[in-house]
Amino acid sequence: MAKANPLQEQLLKAGLVKKSKVAEVAREQHKARHAKGPSELNEFQLEAERARAEKAERDRALAAERKAQARITELRAQARQIIDDKKVPRSGESEYRFTADGAIRTLLVNDDLRKKLSSGAVVIARLGDRYELLPRAAGDKVRERDASMIVLDHGQDAGNETTAATSEDDAYYAQFQVPDDLVW
């Protein structure tokens with residue numbers, strides 16, 4: 001039994017408390033001083049725990065954002081690699097004009113490439129500040145990774161409404177002859 005303090009001894013001699021009650025209080029005091037178990041969290045500890053949880057949530061959000069940015073960068077790098085590997089060599093003296101970024105751009109192509117561009121067998125992709133010709137399959141792969149790199153694709157469906165309007169226009173303009181040597 002722990003040694004009782006003088007007040008406890010006086011209360012015990014006076015008969016106001018029992019010996020078992022003094023021993024119980026002494027054990028509780030000893031446990032409170034040397035306790036290793038969970039103690040009640042005070043206001044500062046609760047605030048610190050809340051701050052730790054908020055920081056962990058911010059860290060998770062930042063990690064997810066970094067991971068998404070890394071994925072976008074990786075897809076763009078794959079698209080650039082596809083363009084470098086699959087580009088169609090350009091040759092010819094005929095100018096092919098198209099719009100990109102609100103400006104009219106020009107590529108020199110031959111008649112065969114012009115026909116392929118018009119039919120959609122070949123697409124135009126942007127690689128940095130230059131434009132490259134790609135076969136349809138490579139253009140589709142680039143579009144899957146980064147659609148903003150595809151500048152011109154005549155083979156892609158533009159939508160049902162525009163197709164209906166185009167077919168009406170085509171029927172109307174079919175009655176007019178177009179010169180064979182007309183090149184835009």
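Quick notes on the rules
Residues numbered from 1 in each chain as written. Predicted model: local features only at pLDDT ≥ 70, side-chain atom pairs only at ≥ 80, totals over all residues. Heavy atoms only, no water. Helix = DSSP H or I, 4+ residues; strand = E, 2+ residues; numbered from the N terminus. Buried < 20%, exposed > 50% of the residue type's maximum accessible area, 1.4 Å probe, protein only. Contact = heavy atoms within 4.5 Å. Areas by Shrake-Rupley, 256 points an atom, 1.4 Å probe, with all protein chains shown as cover. Core = buried A, V, L, I, M, F, W, Y, C linked by side-chain atoms within 4.5 Å. Salt bridge = Lys/Arg side-chain N within 4 Å of Asp/Glu carboxyl O. Pairing = 2+ DSSP bridges.

On to the overall build of the protein chain, then. The number of helices and strands found in the protein chain is six helices and five strands. Order of helices (α) and strands (β) in the protein chain, N terminus to C terminus: α-α-α-β-β-α-β-β-α-β-α. The burial tally for the protein chain puts 21% of its 184 residues in the buried class. A fraction of 48% describes how many contacts in the protein chain between residues 6 or more apart in sequence connect residues 24 or more apart. For the protein chain, the accessible area works out to roughly 14,600 Å², and carbon and sulfur atoms hold 52% of it.

This part takes up the nonpolar core. If you look at the biggest cluster of nonpolar residues, it comprises 14 residues, and the most contacted ones within it are Phe98, Ile124 and Leu133. For this core, the elements supplying multiple residues, two or more each, are strand S1 (94-100), strand S2 (103-109), helix H4 (111-119), strand S3 (122-127), strand S4 (130-135) and strand S5 (150-152). At three residues, the largest contribution of residues to this core is made by S1. If we skip the residues at most four places from it in the chain, Leu133 touches Lys86, Lys87, Val88, Arg90, Leu107, Val109, Leu113, Leu117, Val122, Val123 and Ile124.

Before going further, it helps to spend a moment on the pattern of salt bridges. Using the criterion set out here, one finds 16 salt bridges in the structure. Across the pair Glu47 and Arg50 runs a salt bridge whose closest N-O atoms are separated by 2.9 Å. Of this pair, Glu47 and Arg50 both sit in helix H3 (residues 43-86), three residues apart, which is roughly one turn of the helix. The network of salt bridges with common partners includes Arg136, Asp140, Arg143 and Asp153.

Phi is positive for Asp101, which is not a glycine, with a value near 60°. Note on placement: Asp101 falls in the loop between S1 and S2. For Asp101, a relative accessible area of 58% gives the class exposed.

With respect to burial, S3 is a largely interior element, five of its six residues being buried. Hairpin geometry of S3 and S4 is characterised by an intervening segment of two residues between the two adjacent antiparallel strands and by a positive phi of about 70° at Gly128. Of the strand pairs in this sheet, S3 and S5 are connected by two bridges, and their pairing is antiparallel. Residue pairing in the sheet places Ile124 in a bridge with Leu152 of S5.

Pairing of S1 with S2, which is carried by seven bridges, proceeds in the antiparallel orientation. Residue Ala100 lies in a different strand from S2, and its bridge partner there is Ala103. Where S1 folds back on S2, the antiparallel hairpin that results is connected by two residues, among which Asp101 adopts a positive phi of roughly 60°.

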